[in-house]
Amino acid sequence: MAEKVLVVGGGGREHALAWKLAQSEQIQQVLVAPGNAGTADCGKISNSEVSVSNHTILAQFCKDHHVGLVVVGPEVPLAAGIVDDLTAAGVRCFGPSAKAAQLEASKSYSKAFMERHGIPTARYGSFTDAEEACKYIRTADFPALVVKASGLAAGKGVIVAKDQDEACRAVMDIMKDRAFGCAGDTVVVEELLEGEEVSCLCFSDGSSVSAMPPAQDHKRLQDGDLGPNTGGMGAYCPTPQVSQELLQQIKETVLQKTVDGMKEDGAPYVGVLYAGLMLTNQGLKVLEFNCRFGDPECQVLLPLLKSDLYDVILNTMNGKLASSAPVWHQDSSAVTVVMASEGYPGSYQKGVQITGLSQVQDSGVQVFHAGTALKDGGVVSSGGRVLTVTAVSSSLEAALQAANQGVAAVGFPGAVYRRDIGHRAIAHLNQHRGLTYKDSGVDIAAGNKLVDMIKPLAKATSRAGCNAELGGFAGLFDLKAAGFVDPILVSGTDGVGTKLKIAQACGQHGGLGQDLVAMCVNDVLAQGAEPLFFLDYFSCGRLEVDVAASVVGGIAKACEMAGCALLGGETAEMPGVYAAGEYDLAGFCVGAVERGSLLPRLGDITEGDVLIGVASSGVHSNGFSLVRKVLERAGLSYSSPAPFGKPGQSVGEVLLTPTNIYSRLLLPILRSGGVKAYAHITGGGLLENIPRVLPPELAVDLDASRWSVPAVFSWLHKEGGLSEEEMARTFNCGLGAVLVVSALDAQKVLGQIQAQEEAWIVGSLAQKQPGAEAVVVRNLRHSLLTAGPACISEAVVEQNGGCRGDSSKPQKRTRVGVLISGSGTNLQALIEQARRPSSSAEIVVVISNRPGVQGLKRASLAGIQTRVVDHKLYGSRAEFDGTIDRVLEEFAVELVCLAGFMRILTGTFVKKWNGVYLNFAHFFYC
């Protein structure tokens, strides 16, 4: 049965605890009391207003609400006996008893304990009289410059003085002026130690300890360890200063020795034990003990914990650590940067608005809230330390860079934070080992691992002419084995633009592979070429093997879709060129076409030729800089529910829809000879790409009402305030490719495409007039603003079950055959109505019983197939009607319209087409 857990506390540490516990499949709900804005209604996590200071009320609350475990974050409740009281009431509570918590609650007790059990620590004196303390400071034979309030002071009760006078003033502030209240009734004066300070924590079940990776806190407010002491301005983990040998020594001589001593003293220690250590030239020394997770150390430790925290806690409480030790992520580093209020650690303003939280969450950085609250639907500051921004990466430098980028994305006036978290570790690494290529940021082993992972993926793309074996200096392709006789090679190269930024922000990389292949393959098709092989270029600042494998895996899968071999590629790791988590892509495709089949056939393209548009899958891979700008204006993040696309999709999911690959679909059609030119609608949109395959004397007349414009373009047009020209010059607006065909071939080619993909007759070619635009797109604004489908007529609506208001869902159009005898006035009205993108009908053939009439010309200009069945050539009406019937069946007609048809049809014909036979002497629009 899933468990309910209550976390006591309201800071960044408690948010991290709740975040990690919520990842357990065994936990149904995590309550946090009192919590903060970050723990308010966040998935499994929610806040509770139950009193945590009244242990009787808290115990009853846990029983009433079936809370099976309480996890205590801060030290004050532990010292007040919350574990003892809840345990006595039958509620499981994780943490040390009040007696065991004296290790932190009383520094005087803690120093005496260490002295008694032989645990290395600084020399010290404990005093209840200020004058005696000052006398000790001035007469000690060592620098007695560290003054501590013995009691709990929220992590701020330690003053490291520069000289004896400052140390004595600190004593007076604590004991006489009551700077920390009763926590300063006793002061401890310690020797000032020099060395590296580290935090070593462990889980303790009362007998055994399981050490966590060592961490380092940064107490000083400002970069370079300057400014006043704070509760902690950041931390990182693990610390390279602590070797495995030293960590084992710490475990044996400090952590295990402490747990053994507490057990010997009758206060078994169960919970998290924190040892603050100084690594001196004389060996390690304990500075202090804490009886819980540190803050902010908790925010870097828990992201590195691979085990289920709930399991770890249960094993700790049940004495099973020795047989079930926690598992930690290896070869990863975590950095957290604390963002504090202006004036901290002194007085500061509350209620300051915080912005940018959704954007930083999208970047993969984890923000743990500390002093935050909800107000008027927003998040505001409510404490000194406001947020902790945590990043995990394979290196400390990369994690620090990512955390700093996260901090830069969050904003609140006067925010104070450090930019040098981990500076001591970086200096240590630079000083204590010889340089390797990996130190410069290039990991050859990671590159080799990537190659091993992608070799089978590339092998799967083998085809005639190429076996797609990776590992050589170059790749080979045998054109003769691929069946070519007199080939011309065609090459293309492209990238995916700033669509990369969206994929990287969303952590969804696989679809970019199809985008990259599609952009190159679809270009090669413009010459009529078959794509033969593909090469990719992947460049990054630091190689993340899983990310690169996802991208290249997507490339390999797309190559299979396109029918080309993934022949090779280059992975370039270039430290300093790209920021953490960023990479770039380029693709290269080589194809071939027989000399006589090259496109475009410029000499064959003439006025009156018809344009067939093939549907895009969405934005494809162009215009994303503008897309991102519109999103910014609209205040949407990539995780926001999409105001376009399918229900339940996020903005990022819709925008990352992969680009359509057209080679398998169009190559047989291009080879058939019916297509005179093919234009890939890529960067430059409709206005700039179609003219690239046309003679300069011809102009393009497009009618946007004749194809379906995806909802994403309507949204971009509206939210960005984009003009029609800007839309048509930047985006594909729903057409991924445009084919040029003769009017006679239009219906045949259209039918071949529609068997697999949405396509429409979208326009025609005309003679270009002096000074006129090369491309005119009519009705684009109307199509972008259209909320629902248009209907050709009431009669056609009835055939399709009526008009529906959802124009984003493609519907099957009724195939209409029109019978005429003359000028085709009614026919022209039907043609105009059928051009609407969501029309219920599509005119597939016009049949006339008279040759040369104006109606046939109208149909040809509209790209509609025509047939003449001259009644004068038939001996009987039955023979004449039978011929018309066969033509209608040839075009798979579903609805017959008589638009000025001047012949009487036989009863046999009418009976066969009963219910789908309409005489349009008069018709209406809906």
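Residues numbered from 1 in each chain as written. Predicted model: local features only at pLDDT ≥ 70, side-chain atom pairs only at ≥ 80, totals over all residues. Heavy atoms only, no water.

## Some thoughts on the domain arrangement of the protein chain
Thinking step 1. Domain annotation of the protein chain identifies domain 1 (100-300 + 309-323), domain 2 (444-594), domain 3 (602-786) and domain 4 (814-919).
Thinking step 2. Its C-alpha centre places domain 3 at a distance of 30 Å from the equivalent point of domain 4.
Thinking step 3. Counting residues at the interface gives 17 residues for domain 3 and 13 residues for domain 4.
Thinking step 4. Overall, the association of domain 3 and domain 4 removes approximately 1,100 Å² of surface from exposure, summing both partners, and the carbon and sulfur fraction of that is 42%.
Thinking step 5. Scanning the region where domain 3 abuts domain 4 turns up 0 salt bridges.
Thinking step 6. Applying the counting rule to domain 3 against domain 4 returns 2 residue pairs in polar contact (both at pLDDT 80 or more).
Thinking step 7. Among the elements that take part in the side of domain 3 that touches domain 4, helix H25 (residues 746-754) stands out by supplying 5 residues, more than any other.
Thinking step 8. Its residues assigned to classes, the side of domain 3 that touches domain 4 shows 7 nonpolar, 6 polar and 4 charged. (Domains from an automatic or database assignment. Contact = heavy atoms within 4.5 Å. Buried area = accessible area lost by both parts, 1.4 Å probe. Salt bridge = Lys/Arg side-chain N within 4 Å of Asp/Glu carboxyl O. Polar contact = N/O pair within 3.5 Å; in protein donor to acceptor, adjacent residues only side chain to side chain. Helix = DSSP H or I, 4+ residues; strand = E, 2+ residues; numbered from the N terminus. Nonpolar A, V, L, I, M, F, W, Y, C, P; charged D, E, K, R; others polar.)

## Some words on the packing of helix H15 (residues 444-459) against helix H18 (residues 545-562)
Thinking step 1. Where H15 contacts H18, the axes come no closer than 10 Å and their chain directions differ by 25 degrees. When the axis of H15 is compared with that of H18, the two are roughly parallel. Of the two elements, H15 crosses H18, and the hand of that crossing is right-handed. Listed contacts from H18 to Ala446, Lys449, Leu450, Met453, Ile454 and Leu457 of H15 are Val545, Ala548, Ala549, Val552, Gly553 and Ala556.
Thinking step 2. Its residues assigned to classes, the contact of H15 with H18 comprises 10 nonpolar, 1 polar and 1 charged. (Axes fitted to C-alpha atoms, helices over the stretch in contact; angles between N-to-C directions. Parallel < 35°, antiparallel > 145°, perpendicular 65-115°, else oblique. Left-handed = near helix turned anticlockwise from the far one by under 90°.)

## Considering the pairing of strand E18 (residues 333-340)
Thinking step 1. Of all the 8 residues making up E18, 8 are buried; the element is thus mostly covered by neighbouring parts of the structure.
Thinking step 2. Here 4 bridges tie strand E15 (residues 234-237) to E18, and the two strands are oriented antiparallel to one another. Looking across to E18, one finds that Gly234 is bridged to Val337.
Thinking step 3. Here 8 bridges tie E18 to strand E23 (residues 385-393), and the two strands are oriented antiparallel to one another. Looking across to E23, one finds that Ala334 is bridged to Val392. (Buried < 20%, exposed > 50% of the residue type's maximum accessible area, 1.4 Å probe, protein only. Pairing = 2+ DSSP bridges.)

## Considerations on unusual backbone geometry
Thinking step 1. Note the cis peptide between Ala33 and Pro34, where omega equals 0 degrees.
Thinking step 2. Take Pro34: it is sitting in strand E2 (residues 27-34).
Thinking step 3. Of note, the amide linkage connecting Cys237 to Pro238 takes the cis form, showing an omega dihedral of -5 degrees.
Thinking step 4. Assignment of secondary structure puts Pro238 in the loop between E15 and helix H9 (244-264).
Thinking step 5. One non-glycine residue, His66, lies in positive phi territory at about 55 degrees.
Thinking step 6. You can see His66 is positioned in the loop between helix H2 (55-64) and strand E4 (67-72).
Thinking step 7. A residue is classified by how much of its surface remains accessible, and His66, at 62% relative accessible area, is exposed.

## Details of the sheet that holds strand E20 (residues 366-369)
Thinking step 1. Spatially, E12-E15-E18-E23-E20 is the arrangement adopted by the 5 strands of the open sheet, whose pairing is antiparallel. Where the open sheet ends on each side, the last strands, each with one partner, are strand E12 (216-217) and E20.
Thinking step 2. Where E20 meets E23, 4 bridges bridge the pair, whose relative direction is antiparallel. Following the sheet pairing, Phe368 is matched in E23 by Thr388.
Thinking step 3. Packed on one face of the sheet, helix H13 (residues 396-409) meets E15, E18 and E23 and runs near 30 degrees to E18.

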